[in-house]
Amino acid sequence: AAMGGGSLTNLGTIKGGSGGGGGGVVVGSSTASGVAGVGGVGIYGANIHIVNSGTITGGMSGDTVPVQADAIRFTGGTNSLELQAGSVISGNVDATAGVDDTLALGGDTGLAATFDISKIVTTPTSGAADEYAGFEHFEKTGASTWTLIGANTTPTAWAVNQGTLVVGDAAHGSTTTLLGTVRVDSAGTLRGHGLVAGDVTNNGIVWPGGSIGTLTINGNYTQSPTGMLMIDVSPAGASQLNVGGTANLAGSLSLLYGPGTYTAKSYPIVTATHVNGTFGTVSGSAVPAGFTQAVSYAPGEVDLNLLGSGSSLGTPLVIAPANATIYGNLGASLLRASQHANAVLLDRLDGVCGPASEGGCARPGQRLWIQTEGIVTRVEGNRGALDVHDQRYGFLVGADRAFGPWTAGIAGGYSHSDLWESSDAASGKTDTARLALYGGRTLGRVNLSGTASYAYHFTSTQRDFPGFGQTKGDGHAQEFAAALQASVPFALGHAMTLVPHLGLRYAYVDGLCDSRHAGLAQPRDGGARAGRAAGQSHAHLRPLRCGAAHRQRPGAKRPGGSELSVLVRHPHLKPSLRFPQTLERITSSPSRSGDPMLLVADSPHLRCTRVCRKTPATS
């Protein structure tokens, strides 16, 4: 594609044409090979400005061993190429003929991408692909985050105008070297674990590491009065700025403390051949209670001193994580699942045969059944408690058989739940395997039913700590549950039956122990910290009084029709952690019934009305 100036934004695919084969030419009695066609350049022109989040590809020649043409070629003037997340360049980018050319890494908030700076060269290498040759300026634009990896051999001058430029993440820090200088403007942030071989001027934010880590500058570091140095601090260590030349300090120092057990300690945060000046202001986020922070300056080092105040030197003090409610919410989710499974099994034994069967309800002799379901739960928090979203899906399969007035059955199933809190700072997942026995009998008009079940839960949690990192944990728990229920059908006219229920459901979840990994507080060598959380126990006792009115469809050959249920439930929840009272709204869609349960509202000591239509399944 040829351009005579202007701008181009590419979100799709641009590809140069392919060259034809050389063919053959007959000269007298001999045959000579023709010249193969070259591939077409993807985009070329002068004074053009390209923004790419799609694919730009140079065409292939018709040679036996194809040679790829340039993806982009600037033929003169002032040009720019901005790469955004999703950008794919196949073929060289040749800016050697341009007069003033800029390569920018851009994009919007929330987008992230990686760029290999080893592909930056002065002149394109013959036969090489995906090189960026001849650019004079290098910029980070937009609010996105770009991570540089590799090592360039051509000096570059970078300007971080906006967003975040990371020089080597934790996985590539030791192999990432930026040969050149970096200027950080007021809206920009420089991070990383790698090496900047030249000078760095900070008018914005320099934030060593990705959590706890070291950013190395071989040249001089100059921080202006508007600049800020941000340092992550954990009980094990702190991030560090390692300057090979002179560190000229001004502006502000911001200290970010992660959760953990702290003792009085000194942390080196800046090392240099020589230190000039001091920070104008020093601030700390969540300074450990009982401690004071102080910054000391030496000719070649700046230290953070965490000093005990009102406590003896070395006495530990714990900063508890602020978002531990996910564990209680995870336990509540398991209890909800258990009580729901109890309800499904009791419903199997609580069929209504209609008003014509006043002497009781005869059940089929033997049944095999399966129920699949998806349940969406939202718990709305008050008094500062977070909202909770819980999405669960799974199935139960079982078989039961009648033995005179008795019915006995066995069931098993699996369910998966995704749970997250409204702050998006914590989430959890559960996978549950369940085995249950259930049975009942008729005593005249009275239906008696009961269940006993066991379940094993595999859990995982993730908690985000902005500015520090992320903790993840895997755990497990056991569940024991039981339920008893009695019901008596009363005929109300020819097509209506009223069925009051009285029962008790109990669930107990024990364990919820948590083995943590990918710890938030990283040691300075980058290794992960691990730990284990103590187990928790949760119990739920739910007395239940319920009246259900059933309407038989005229002419129906089997039970069915509409049902109106009014429930009075007094749950008693005894978790190991206490949280503010919440209002719980549950929407359920069991696939066994033809129509879904519409709405259940439920909270401690809350009276609740349920309206539903359902058509009981048959064997």
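This is a predicted model, so every value here is computed, not measured.

Our next topic: the pattern of salt bridges. For side chains bearing opposite charge, pairing can occur when the charged atoms are close. Inspection of every chain in the model, using the stated rule, returns 9 salt bridges. Across the pair Arg183 and Asp185 runs a salt bridge, and its minimum N-O distance is 2.9 Å. Residue class for Asp185 comes out buried when judged on its relative accessible area of 18%. Across the salt bridge formed by Arg434 and Glu479, the nearest N and O atoms sit 2.6 Å from each other. A residue pair is termed long-range when its members are at least 10 positions apart, and Arg434 in strand E41 (residues 426-443) and Glu479 in strand E43 (residues 469-487) qualify at 45 residues. Taking relative accessible area as the criterion, Arg434 reaches 10% and is therefore assigned buried. Counted as one network, the salt bridges with shared partners bring together Arg378, Glu380 and Asp387.

Here the focus is the sheet that holds strand E32 (residues 265-271). With mixed pairing, 7 strands are arranged side by side in an open sheet as E20-E22-E25-E28-E32-E36-E35. Sheet topology places strand E20 (177-178) and strand E35 (291-298) at the edges, where each strand pairs with a single neighbour. As defined by bridge partners, strand E22 (residues 195-196) adjoins strand E25 (residues 214-217) across 2 bridges and the pair is classed as parallel. Bridging across to E25, Leu195 finds its partner in Thr216.

Another aspect to go through is empty space enclosed by the protein. One way to see where empty space is left: roll a probe the size of a water molecule over the atoms. Evaluation of the coordinates by the stated rule reveals 4 cavities of 30 Å³ or more. When its volume is computed, the largest cavity comes out at roughly 130 Å³. If you go around the largest cavity, you meet 14 residues; those closest to its centre are Ala337, Ala341, Glu373, Ser415 and Arg434. Sorting the residues of the lining of the largest cavity by element identifies helix H1 (325-348), strand E38 (366-381), strand E39 (388-403), strand E40 (406-421) and E41 as the ones contributing at least two each.

Take the sheet that holds strand E11 (residues 88-90) next. In spatial order, the strands read E3-E8-E11; together these 3 strands make up an open sheet with parallel pairing. Looking along the sheet, the strands with just one partner apiece sit at the ends: strand E3 (13-15) and E11. Averaged over all pairs of adjacent strands, the angle between strand axes in this sheet comes to 5 degrees, irrespective of strand direction. Relative to strand E8 (residues 55-57), E3 is paired through 3 bridges, and the arrangement is parallel. By the bridge assignment, Ile14 is partnered in E8 with Ile56.

Even without glycine at this site, Asn47 takes up a positive phi of about 55 degrees. The topology assignment puts Asn47 in the loop between strand E6 (43-45) and strand E7 (48-52).

If you walk through the whole model with that rule in mind, you get 8 aromatic pairs. Ring geometry for Phe115 versus Tyr132: centroids 5.3 Å apart, planes at 65 degrees, classification edge-to-face. Pair noted here: Phe115 is in strand E14 (residues 112-116) and Tyr132 is in strand E16 (residues 132-133), with a separation of 17 residues, a long-range link. A single burial state applies to Phe115 and to Tyr132, both of which are buried.

Nonpolar side chains collect at one region of the surface, where Ile370, Tyr393, Phe395, Val397 and Tyr414 lie side by side and expose about 460 Å² of accessible area between them. The dominant element in the nonpolar patch, judged by the number of residues it contributes, is E39, at 3 residues.

Before going further, it helps to examine the environment of Asn10. Topologically, Asn10 is positioned in strand E2 (residues 6-10). As a C-alpha pair, Asn10 and Val51 span 41 residues in sequence and 6.3 Å in three-dimensional space. If near-sequence neighbours (up to four positions away) are discounted, Asn10 is found in contact with Val51, Asn52, Ser53, Gly54, Thr55 and Ile56. Side-chain polar atoms of Asn10 contact the side chain of Asn52, separated by 2.8 Å.

Within a regular strand, side chains alternate between the sheet's two faces. Both E25 and strand E28 (residues 240-243) contribute to a ladder of 4 bridges, which runs parallel. When the sheet's bridge partners are listed, Leu215 is paired in E28 with Leu241. The pairing of E28 with E32 spans 2 bridges and is parallel. When the bridges of E32 are listed, Asn242 appears paired with Thr271.

Now for the nonpolar core. Note on soluble globular proteins: their nonpolar side chains tend to be buried together. Counting 62 residues, the largest nonpolar core has Leu81, Phe115 and Trp158 as the members making the most contacts within it. Per-element tally for this core: the top contributor is strand E19 (residues 156-167), with 4 residues. Excluding its chain neighbours within four sequence positions, the residues that come into contact with Trp158 are Leu105, Ile117, Ile120, Phe138, Glu139, Leu148, Leu165, Leu178, Thr181, Val182 and Arg183. By size, the runner-up hydrophobic cluster in this structure holds 9 residues, among which are Ala341, Val344, Trp369 and Ala436.

Before going further, it helps to spend a moment on the confidence of the model for the protein chain. Looking at the protein chain as a whole, the pLDDT averages 78, with 72% of positions reaching at least 70. Note that pLDDT drops below 50 for residues 310-315; the model gives that stretch 7 contacts with residues more than four away or on any other chain. Note that pLDDT drops below 50 for residues 516-535; the model gives that stretch 58 contacts with residues more than four away or on any other chain.

Quick look at the environment of Val38 now. Tracing the backbone shows Val38 in the loop between strand E5 (30-33) and E6. Its relative accessible area of 69% is what places Val38 among the exposed residues. A sequence separation of 25 residues divides Val38 from Asp63, and the C-alpha atoms of the two residues are 8.1 Å apart.

For the rest of this paragraph, the subject is the environment of Tyr506. For Tyr506, the position within the fold is in strand E45 (residues 496-517). Judged by relative accessible area, which is 36%, Tyr506 ranks as partly exposed.

Parameters and conventions
- Residues numbered from 1 in each chain as written.
- Predicted model: local features only at pLDDT ≥ 70, side-chain atom pairs only at ≥ 80, totals over all residues.
- Heavy atoms only, no water.
- Salt bridge = Lys/Arg side-chain N within 4 Å of Asp/Glu carboxyl O.
- Buried < 20%, exposed > 50% of the residue type's maximum accessible area, 1.4 Å probe, protein only.
- Helix = DSSP H or I, 4+ residues; strand = E, 2+ residues; numbered from the N terminus.
- Pairing = 2+ DSSP bridges.
- 1 Å grid on protein atoms, 1.4 Å probe; cavity = no way out; pocket = protein on both sides within 12 Å on 5 of 7 lines; lining within 4 Å.
- Points joined across faces, edges and corners; volume = space filled by probe spheres on them.
- Axes fitted to C-alpha atoms, helices over the stretch in contact; angles between N-to-C directions.
- Phe/Tyr/Trp six-rings, centres within 6.5 Å; stacked < 30°, edge-to-face > 60°.
- Patch = residues over 30% accessible without salt bridge, like charges linked within 9 Å, V, L, I, M, F, W, Y side chains within 5 Å.
- Areas by Shrake-Rupley, 256 points an atom, 1.4 Å probe, with all protein chains shown as cover.
- Contact = heavy atoms within 4.5 Å.
- Polar contact = N/O pair within 3.5 Å; in protein donor to acceptor, adjacent residues only side chain to side chain.
- Core = buried A, V, L, I, M, F, W, Y, C linked by side-chain atoms within 4.5 Å.
- pLDDT = per-residue confidence, 0-100.

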